[in-house]
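For reference, the chains in residue letters:
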Amino acid sequence: MSHTDAGAELDPVHPIPVPPARTGGLSSAEVAERVARGEVNDVPVRSSRSLADIVRANVFTRFNAIIGVLWLITLFVAPIQDSLFGFVIIANTGIGIVQEWRAKQTLDSLAVIGESRPTVRRDGTAAEIGTSEIVLGDVIEIGPGDKVVVDGTCVEADGLEIDESLLTGEADPVVKRPGDQVMSGSFVVAGGGAFQAVKVGREAYAAQLAEEASRFTLVHSELRTGISTILKYVTWMMVPTAIGLVISQLVAKNDDLKDSVARTIGGIVPMVPEGLVLLTSVAFAIGVIRLGRKQCLVQELPAIEGLARVDTVCLDKTGTLTEGGMDVTELRMLNGHAEPYVRQVLGALGESDPRPNASLQAIIDACPDSEEWRCVESLPFSSARKYSGASFSEGDGESSTWLLGAPDVLLPDGSPALTETGLLNEQGLRVLLLARAGRELDDPGVAGDVTPAALVVLEQRLRPDAADTLRYFADQEVRAKVISGDNAVSVGAVAAKVGLTGSAVDARRLPAERDDLARELDGATVFGRVTPQQKRDMVGALQSRGHTVAMTGDGVNDVLALKDADIGVCMGSGSEATRAVAQIVLLDNSFSVLPSVVAEGRRVIGNITRVATLFLVKTVYSVLLAVLVVCSQVEYPFLPRHLTLLSTLTIGVPAFFLALAPNTERARPHFVRRVMRYAVPGGVLAAVATFVTYLIARHHYTGPDALDAETSAATLTLFLISMWVLAIVARPYTWWRVLLVAAMGAAFLVVLAVPALQRFFALKLVGTAMPWLAVGIAVVAAVVLEFLWKWVGRRFTV
């Protein structure tokens, strides 16, 4: 699709007429008038999620509805202690709302810090304002790296080139001239200019695309998708089992109606892994809060999880391994040019670009402008060309055209200046060539006819935290690839200074075919002279080999790769375009925060895998117990209070601590498979052992209080097996994990020992033979469980 076609397709007539653009912009009165009419760019904040949305998401869930109905029934037919599970759900939901609200506040405050502030002309002056303050008809200035925030019409253009690939898929930048359309969501890659806003707010093309995708969300991650899959299967198992249990208890048995209802509810409630979704939400939310304290804005929450799964991180050198600024350390004259004259040329080139990049800014600082020179025409720098240029009318009336850019792009092979450049690059220095062009600036072959004048030697400032961060990634078996637009030798020398080893490759010699490119990427670490499109291709090639790829960068040349990478990480000082497409923004530009993000993701994934196992063991044994009860036509062994006690001590309280604990395990895929391979054998074993104890107790006890004694024996077996599951899940042990498991065991002993608690929970062990037999059955089951889980771990490695 050409940009003209895109414009025709995306340019419906605006219902409100837009006045002809005035380059000085709107007046204050006109702005106020448009605000009053609602013609404002009122797109929701990127991280916005209202309190009502948070409450709705946490309260109105399928399982809360099931539990709520059962709770209301229990309140009418059973003592209050059988209704405790309802109060637990209320507390869980409240915790979820509070933590998510705290996360929202953290995200909103950080989003304001990281928000782009476009330059708008009003009352004849230019000033930065918030994106949401733009009104219809505003004249907005744009330059390299700026994101087009609303749809508009170009009114000024100075070598303006805009990349619309994120909207149209068209890879090549589009040259814009006055009168051309510019679309929100595109970004400037070269030159500068201004455009008038013709569509704002939700009417802008990119606004609706971005609104839902960029909201505060807890979805679209393997973890969340896996839990949703588990809950779907749980529902399928739960419905027929619950129906069978209801029929069994109310029809087949002629016992007391209220007691039958209570025991039926006692069988249904534990089938619901109600705390699993809560703890996942809380783990994510607390991760956001922790990272927010380190000035790390997580624009899409699954990015925390995603970065933990990354096995390859692609680094752009400038802004990541090196700081943005640099210094001119030397000028090396070529072909007899005089240094004072060369400094005049460099100063004039600096003055010709209103938005200089870091290299040109260093030249401006070193070579002040000569007011005698006048710029006639300019060619802005672009990452694809690797050079910029300008034509001047010099002070003596002479005209000249100059180019400033990469020596290996502007000079032919074998040039003596290239040999000199290579020696400087080996020291990690950046080198630019100043050359006089023999053709007009707008001639396509201008770079092929040049006379070298000087080499400009620049020294880059290494980030002090880069070496430690890269060492962390190496320790975690995450491969680092440096891909840069600079000279490969120079990039390789810089990479070596921060501890990266491996060969440096000139990307111009890389194959275009994806499989061949992937093989080259596997064999090398550093790549130079990489074009923006090549960066994107490299990310795709790595992903084609099954790698999970993170891309870091801060320049407009990184946007395409950041967008395609599994996780895009941008520095806070990066261009608006890079901040817009990245999932993680390091607001204080500290590369050293990345290990914290990886660690936070690993904590979430590892811990949720642990606690999911706890919850689903309970679901499996609850469903299987209900099936066994239906098949055997006996009373369900437990009242709701029994399973509330067991769930609280063996799952609820421990899971909360385990979900928020430090965890550095490397994230592994196939969440559902990993959880179910342990939950199913653990749950089956717990259900069988508990039911065996219950059946033996039914033959052992007689009399009017026999059912209470049978229930107590079965509860003891189930508690001990559940404690062993907890003890396995809590490994590897630390002092607080041992204390946690011991405290839960001690709490159960207190319930058994204190008469008031015995009566409250209807738990009283009668005699010594049956209780000890219950313990023996639990011990045998625990030994079998230990062996079974080790066998499963060896048998199923995925």
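Residues numbered from 1 in each chain as written. Predicted model: local features only at pLDDT ≥ 70, side-chain atom pairs only at ≥ 80, totals over all residues. Heavy atoms only, no water.

Colleague: Break down helix H19 (residues 532–544) for me, with residues and values.
Modeller: Here H19 contains 13 residues, and its C-alpha end-to-end distance of 19 Å stays within 8% of the 18 Å for a straight helix at 1.5 Å per residue. For H19, every residue scored as buried is listed here: Pro532, Gln534, Lys535, Arg536, Met538, Val539, Gly540, Ala541 and Leu542. Gly546 sits one or two positions beyond H19 and adopts a positive phi of about 85°. (Helix = DSSP H or I, 4+ residues; strand = E, 2+ residues; numbered from the N terminus. Expected span 1.5 Å × (residues − 1). Buried < 20%, exposed > 50% of the residue type's maximum accessible area, 1.4 Å probe, protein only.)

Colleague: How would you summarise the side chain of Asp558 if you had to cite specific residues and measurements?
Modeller: In this fold, Asp558 is placed in the loop between strand E19 (549–553) and helix H20 (559–564). A polar side-chain atom of Asp558 sits 2.6 Å from a polar atom in the side chain of Lys535. (Polar contact = N/O pair within 3.5 Å; in protein donor to acceptor, adjacent residues only side chain to side chain.)

Colleague: Lay out the environment of Phe60 in plain terms, naming residues and giving numbers.
Modeller: As for its placement among the helices and strands, Phe60 is situated in the loop between helix H3 (51–59) and helix H4 (62–77). Judged by relative accessible area, Phe60 falls into the exposed class, the value being 66%. Note: C-alpha distance between Phe60 and Phe473 (413 residues apart in sequence) is 41 Å.

Colleague: Which residues make up the pattern of salt bridges, and what values go with them?
Modeller: A full pass over the atoms with the stated rule returns 29 salt bridges. A salt bridge links Arg508 to Asp408; the shortest N-O distance between them is 2.8 Å. One end of the pair, Arg508, is in the loop between strand E17 (504–506) and helix H18 (514–523); the other, Asp408, is in helix H14 (residues 407–410), with 100 residues separating them in the sequence. Measuring nitrogen to oxygen at the nearest pair gives 3.9 Å for the salt bridge that ties Asp443 to Arg439. For Asp443, a relative accessible area of 27% puts it in the partly exposed group. Through salt bridges with shared partners, a single network forms among Asp408, Asp506, Arg508, Arg509 and Arg529. (Salt bridge = Lys/Arg side-chain N within 4 Å of Asp/Glu carboxyl O.)

Colleague: Got a sec to walk through the sheet that holds E19? Specific residues and values, please.
Modeller: One open sheet accounts for eight strands, arranged E8-E21-E20-E19-E9-E16-E18-E17; its pairing is mixed. Each of the sheet's edge strands pairs with one partner strand only, and the pair in question is strand E8 (296–298) and E17. Strand-to-strand twist across the sheet, computed as the mean angle between neighbouring axes with direction ignored, equals 20°. One ladder, built from two bridges, connects strand E16 (residues 479–483) with strand E18 (residues 526–528); its direction is parallel. Within E18, the residue paired with Val482 across the bridge is Val526. (Pairing = 2+ DSSP bridges. Axes fitted to C-alpha atoms, helices over the stretch in contact; angles between N-to-C directions.)

Colleague: How would you sum up the packing of helix H12 (residues 339–352) against helix H13 (residues 358–366)? Please name residues and give values.
Modeller: Packing of H12 against H13 brings their axes to within 9 Å, and their N-to-C directions diverge by 125°. Taken together, the axes of H12 and H13 are oblique relative to one another. Two packed elements cross with a definite hand, and for H12 against H13 that hand is left-handed. Together, Arg343, Leu346, Leu349 and Gly350 of H12 and Leu360, Ile363, Ile364 and Ala366 of H13 make up the contact between the two elements. The residue inventory of the contact of H12 with H13, partitioned by class, reads six nonpolar, one polar and one charged. (Parallel < 35°, antiparallel > 145°, perpendicular 65-115°, else oblique. Left-handed = near helix turned anticlockwise from the far one by under 90°. Contact = heavy atoms within 4.5 Å. Nonpolar A, V, L, I, M, F, W, Y, C, P; charged D, E, K, R; others polar.)

Colleague: Hey, could you go over a negative patch on the surface for me, with residue numbers and the actual values?
Modeller: Taken together, the side chains of Glu351, Asp369, Glu371, Glu372, Asp396 and Glu398 present a region of like negative charge at the surface. Considering the arrangement of structural elements, one finds Asp369 in the loop between H13 and strand E11 (374–379). What makes Asp369 partly exposed here is its relative accessible area of 33%. (Patch = residues over 30% accessible without salt bridge, like charges linked within 9 Å, V, L, I, M, F, W, Y side chains within 5 Å. Areas by Shrake-Rupley, 256 points an atom, 1.4 Å probe, with all protein chains shown as cover. Lys, Arg positive; Asp, Glu negative; His and termini not counted. Charge placed at Lys NZ, Arg CZ, Asp CG, Glu CD.)

Colleague: Please set out a nonpolar patch on the surface residue by residue, giving values where relevant.
Modeller: On the surface, Leu72, Leu75, Phe76, Ile80, Phe87, Ile90 and Phe760 cluster together into a nonpolar patch covering about 700 Å² of accessible area. If you list the elements that add at least two residues to the nonpolar patch, you get H4 and helix H5 (84–114). With three residues, the top contributor of residues to the nonpolar patch is H4. Mapped onto the elements, Ile90 comes out in helix H5. Looking at Ile90, the relative accessible area reads 48%, which means it is partly exposed.

Colleague: Which residues make up helix H28 (residues 769–795), and what are the values?
Modeller: Because the α-helix completes a turn every 3.6 residues, residues three or four places apart line up on one side. Under the 1.5 Å per step criterion, the end-to-end length of H28 is 39 Å for 27 residues, consistent within 8% with the ideal 39 Å. Within H28 the residues assigned to the buried category are Met770, Pro771, Ala774, Ile777, Ala778, Ala781, Ala782, Leu785, Glu786, Trp789 and Val792. Contacts from the buried residues of H28 go to helix H22 (594–632), helix H24 (671–700) and helix H25 (706–729).

Colleague: Account for the nonpolar core, with residues named and values stated.
Modeller: Judged by nonpolar contacts, the single largest core of 84 residues is most densely connected at Ile608, Val611, Leu614, Phe671, Phe748 and Trp789. At 13 residues, H22 tops the list of elements feeding residues into this core. Core analysis: the second largest hydrophobic core is formed by 36 residues, Val310, Val569, Val593 and Val597 among them. (Core = buried A, V, L, I, M, F, W, Y, C linked by side-chain atoms within 4.5 Å.)

Colleague: Give me the confidence of the model for the chain: which residues, what numbers.
Modeller: Per-residue pLDDT for the chain has a mean of 81; in total, 90% of the residues score no lower than 70. Here helix H1 (residues 3–9) stands out as the element of the chain with the lowest mean pLDDT, 37, in contrast to helix H26 (residues 735–753), whose mean of 93 is the highest. Across residues 1–19, where pLDDT falls below 50, the model places 34 contacts with residues more than four positions away in sequence or in other chains. Predicted confidence for residues 209–220 stays below pLDDT 50, and this span has 27 contacts to residues more than four positions away or in other chains. (pLDDT = per-residue confidence, 0-100.)

Colleague: Would you mind going over unusual backbone geometry in detail, with residue names and values included?
Modeller: A cis geometry characterises the amide bond from Arg731 onward to Pro732, with omega recorded as -5°. For Pro732, the location among the structural elements is in the loop between H25 and H26. Even without being a glycine, Asp123 presents a positive backbone phi close to 55°. Although it is not a glycine, Asn335 adopts a positive phi angle of roughly 55°. Within the element layout of this structure, Asn335 appears in the loop between strand E10 (322–333) and H12.

Colleague: Any chance you could break down the side chain of Thr690 for me, citing the residues and the numbers?
Modeller: Here Thr690 shows up in helix H24. Taking relative accessible area as the criterion, Thr690 reaches 1% and is therefore assigned buried. In this view, Thr690 contacts Leu625, Phe638, Ala714, Thr717 and Leu718; residues no more than four positions away in its chain are not counted.

Colleague: Please set out the packing of aromatic side chains residue by residue, giving values where relevant.
Modeller: A complete count under the given rule lists 11 aromatic pairs for this structure. Ring centres of Tyr341 and Trp373 lie 5.8 Å apart, and the angle between their planes is 50°; on these two criteria the pair is classed as tilted. Of this pair, Tyr341 sits in helix H12 while Trp373 sits in the loop between H13 and E11; the two residues are 32 residues apart in sequence, bridging distant segments of the chain. With a centroid separation of 5.0 Å and an interplanar angle of 80°, the aromatic rings of Phe760 and Phe761 are classed as edge-to-face. (Phe/Tyr/Trp six-rings, centres within 6.5 Å; stacked < 30°, edge-to-face > 60°.)

Colleague: Help me get a handle on the environment of Ile97, residues and values and all.
Modeller: Within the element layout of this structure, Ile97 appears in helix H5. By relative accessible area, which is 17% here, Ile97 ends up buried. Along the chain, Ile97 and Ile162 lie 65 residues apart, while their C-alpha atoms are 43 Å from each other. Contacts of Ile97, omitting those with residues within four sequence positions, involve Ile54, Val55, Asn58 and Val59.

Colleague: Tell me about the packing of helix H16 (residues 466–475) against H22, and name the residues and values.
Modeller: Orientation of H16 relative to H22, taken along the N-to-C sense of each, is 30°, at an axis distance of 9 Å. The angle between H16 and H22 falls in the class roughly parallel. Taking contact as the criterion, the partners of Thr469, Tyr472 and Phe473 in H16 are, on H22, Leu594, Pro595, Val598 and Ala599. Partitioned by chemical class, the residues of the contact of H16 with H22 number six nonpolar, one polar and no charged.

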